[in-house]
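Coordinate inspection notes
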Amino acid sequence: MEKIKFNKNIVLVGFMGTGKTQVGKALAKDFSLEFIDTDDVIEERLGIKIHEIFKRYGEEYFRDKERAVVKELSELKGSIIATGGGIVINPQNMLDLKRNGVVICLAATPEAILSRLSGEDDRPLLSAPDKLNRIKKLLESRRGFYGQADVTIDTTNMGILEVVKEVKGVLSALI
Ligand code: S3P
C-alpha cells in the first residue's frame, strides 16, 4: 500500500461506463484516501436512486443537486472523487473541481461504452431505442467539456488495473 500525502483531490470525470467509480475505488484503496462518488452522495441525501430522481423530478433538479455537491466537495483536500458523467456540462463545476484537484478524464469509444453498459438499465439518459446513437450524440455534445480536464486517458482497450496504473503514472508526473 502506497501511503501518499496529497494536498489536492484526485477527480475522475468522463462519460458513463468509462470506469470512474471502479478506478476511483482502487486508487483510494491503494493510496489510503477517502473515496467519494457524487452520485452516491446525491442518492444518500435524497434517499432514492438516480434513475428515480430523474423520473420524479427531472434532469434539471438532478443537476442542481449535483452542483450543490460539487461546491461542497471542492473544499476538500486529499480525496478521490468520482463524478457523474454529466457533471462537466456546468462549466462552474469543472472550475470548482480544478481549484483543489487534479481532474482526470477517462474516455472510451462509443462502442466500448455500449458494450460495458450492456445489461445495465439504470442510466436514464441512455434509455433510447438506438443506444449507440444516443451515446455518440451525447459524447459529441460533451466533447468540449471533457476536454477541459487536466489529462485524458483513453481506456478503450484497458482493464481497470491498467487504467489505475496509468492514472498513477499521470499523478506522479503532476503532483
Ligand atoms: C449521467 C451519468 C450518471 C448519473 C446520471 C447522469 C450523465 O453517472 O450521474 O445518470 O449525465 O452522464 P455515471 O457516469 O456514473 O454513470
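In the block above lies the structure referred to throughout.
Structure report, in brief. Numbers given for residues are sequential positions, taken from 1 along each chain in its written order. In keeping with the model being predicted, local features are shown solely for residues with a pLDDT of at least 70 and side-chain atom pairs are shown and tallied solely at 80 or more, while totals for entire chains, interfaces and linings include all residues. Hydrogen atoms and water are omitted, and side-chain values are computed over all heavy atoms in the structure.

In this section: the pairing of strand β5 (residues 151-154). Regular strands place side chains that alternate from one sheet face to the opposite one. Here β5 shows a clear split, with V151 and I153 buried on one side and none of T152 and D154 buried on the other. The pairing criterion is simple: DSSP has to find at least two bridges between the two strands. The numbering of helices and of strands both runs from the N terminus, where a helix is a DSSP run of H or I of at least 4 residues and a strand a run of E of at least 2. As defined by bridge partners, strand β4 (residues 101-107) adjoins β5 across 4 bridges and the pair is classed as parallel. Paired with C105 across the strands is T152, a residue of β5. Exposed residues in this analysis have more than 50% of their type's maximum accessible area, buried residues have under 20%, and partly exposed residues fall in between, with area computed by a 1.4 Å probe over protein chains only.

A carboxyl oxygen of Asp or Glu within 4 Å of a side-chain nitrogen of Lys or Arg is what we treat as a salt bridge. The full count for this structure, using the stated rule, is 13 salt bridges. Of the charged contacts in the structure, one is a salt bridge between R63 and E59, with a shortest N-O distance of 3.0 Å. Within this pair, R63 and its partner E59 are both found in helix α4 (residues 59-73), separated by 4 residues, close to a single helical turn. Here the residues in one salt-bridge network are R67, E75, D96 and R99, joined through shared partners.

Here we come to the nonpolar core. In plain words, nonpolar cores are sets of buried Ala, Val, Leu, Ile, Met, Phe, Trp, Tyr and Cys residues tied together by side-chain atoms within 4.5 Å. Ranked by internal contacts, the top residues of the largest apolar core, which has 33 residues, are V13, F15, M16, V103, I113 and L126. Contacts were defined at the residue level, with two residues in contact if any of their heavy atoms lie within 4.5 Å. Excluding anything up to four places from it in sequence, V103 contacts V11, V13, M94, L97, K98, A149, D150 and V151. Judged by nonpolar contacts, the second largest core, of 20 residues, contains V23, I80, V163 and V170.

Right, let's get into the site of the ligand. Here a residue is considered near a molecule or strand provided that any single heavy atom belonging to it is located within 4 Å of it. Residues in contact with the ligand amount to 13 residues; listed here are only the nearest, K20, R63, G85, R123 and R142. N or O atoms within 3.5 Å of each other form a polar contact, as long as, within protein, one can give a hydrogen and the other can take it, and as long as residues adjacent in sequence are counted only when both atoms are side-chain atoms. Between the ligand and G85 there is a distance of 2.8 Å, counted from an oxygen atom to a backbone nitrogen or oxygen. When isolated, the ligand has an accessible area of 380 Å², and the protein chains bury 94% of it. In the scheme used here, Gly and all other residues not listed as nonpolar or charged are polar, with Ala, Val, Leu, Ile, Met, Phe, Trp, Tyr, Cys and Pro taken as nonpolar and Asp, Glu, Lys and Arg as charged. Here the residues of the shell around the ligand sort into 5 nonpolar, 3 polar and 5 charged. Computed with the Shrake-Rupley method and a 1.4 Å probe, the accessible areas treat only the protein chains shown as cover for residues.

It is worth spelling out the environment of L114 at this point. Secondary-structure assignment places L114 in helix α6 (residues 110-117). Measuring from C-alpha to C-alpha, the distance between L114 and M16 comes to 9.4 Å, with 98 residues separating the pair along the chain. Discounting chain neighbours no more than four positions away, the residues touching L114 are K131, L132 and I135.

Positive phi values are uncommon outside glycine, yet S32 reaches one of about 55 degrees. As for its placement among the helices and strands, S32 is situated in the loop between α1 (20-31) and β2 (34-37).

Keep in mind these values describe shape, not function.
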